[in-house]
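Survey of secondary and tertiary structure
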Amino acid sequence: MEPDRADLKLLELLQRDGRTSVQALSEAIHLSARATLNRVRRLEAEGLIQGYRALVNRTVLGEQVVVFAEIALKDQRQATVQRFQTRMLASPEVIACYQISGPYDYLVRICCRDLARYRELTDGWLDDVGLGIEKIVTHTEWQTLKEFGGFPLPAVKS
């Protein structure tokens, strides 16, 4: 089902704050609380809303380094790709991983306690022949100007 104006408004509000009460949501879209809750449940059931998370202020957790790693694999065989992806999914330091086009196969965002831990992590990846990594190019994050805050939503069709 294609989202209507009220669905898109709900998605916008919930992307901004997933803890917004049903009452506040219902007031924003001018529907009853019951109708609003039913819409939210439908959006969840249809997979438009995949879950809710808390945004953690990482600076409160102590010093950390965030690195973007461009990673090229030695080959594109399914077994190599699968091993690499499994390792990325299993690594708690990998906070985002994207398969991309261009000279590198993946862009990986990694958060470590320090650069020594980052080097230990990536050295382990490079030493694991079965992982199939050919090259890692590192870019250290100096400052986050804008963090992911939700997807842009389409305009409502009239």
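As a starting point, this report considers the structure included with it. These figures come from a predicted structure and were not determined experimentally.

Let's talk about the sheet that holds strand β4 (residues 133–140)
Ordered in space as β2-β3-β1-β4, the four strands form an open sheet in which the pairing is antiparallel. Because the sheet does not close on itself, it has two edges, and the strands there are β2 (94–99) and β4. Sheet twist, expressed as the average angle between the axes of neighbouring strands with direction ignored, equals 20°. Packed on one face of the sheet, helix α4 (residues 78–90) meets β1 (65–73), β2, β3 (106–112) and β4 and runs near 25° to β3. On top of the sheet, helix α5 (residues 115–127) reaches β1, β2, β3 and β4; it is set at about 165° to β4, its chief contact.

A few points about the environment of Asp-105
The residue Asp-105 is located in the loop between β2 and β3 in this model. The exposure class of Asp-105 is buried, given its relative accessible area of 15%. Between the C-alpha atom of Asp-105 and that of Asp-75, which follows or precedes it by 30 residues, the distance is 9.9 Å. Among all residues touching Asp-105, those that are not within four sequence positions of it are Ile-71, Ala-72, Leu-73, Gln-76, Tyr-98, Gln-99 and Ile-100.

Regarding the environment of Lys-135
On the secondary structure map, Lys-135 appears in strand β4. Here Lys-135 falls in the partly exposed class, since its relative accessible area comes to 42%. Separated by 65 residues in the primary sequence, Lys-135 and Glu-70 place their C-alpha atoms 8.0 Å from one another. The residues touching Lys-135, leaving out its near neighbours within four places in the chain, are Glu-70, Ile-71, Ala-72 and Tyr-104.

Criteria and thresholds
- Residues numbered from 1 in each chain as written.
- Predicted model: local features only at pLDDT ≥ 70, side-chain atom pairs only at ≥ 80, totals over all residues.
- Heavy atoms only, no water.
- Pairing = 2+ DSSP bridges.
- Helix = DSSP H or I, 4+ residues; strand = E, 2+ residues; numbered from the N terminus.
- Axes fitted to C-alpha atoms, helices over the stretch in contact; angles between N-to-C directions.
- Contact = heavy atoms within 4.5 Å.
- Buried < 20%, exposed > 50% of the residue type's maximum accessible area, 1.4 Å probe, protein only.

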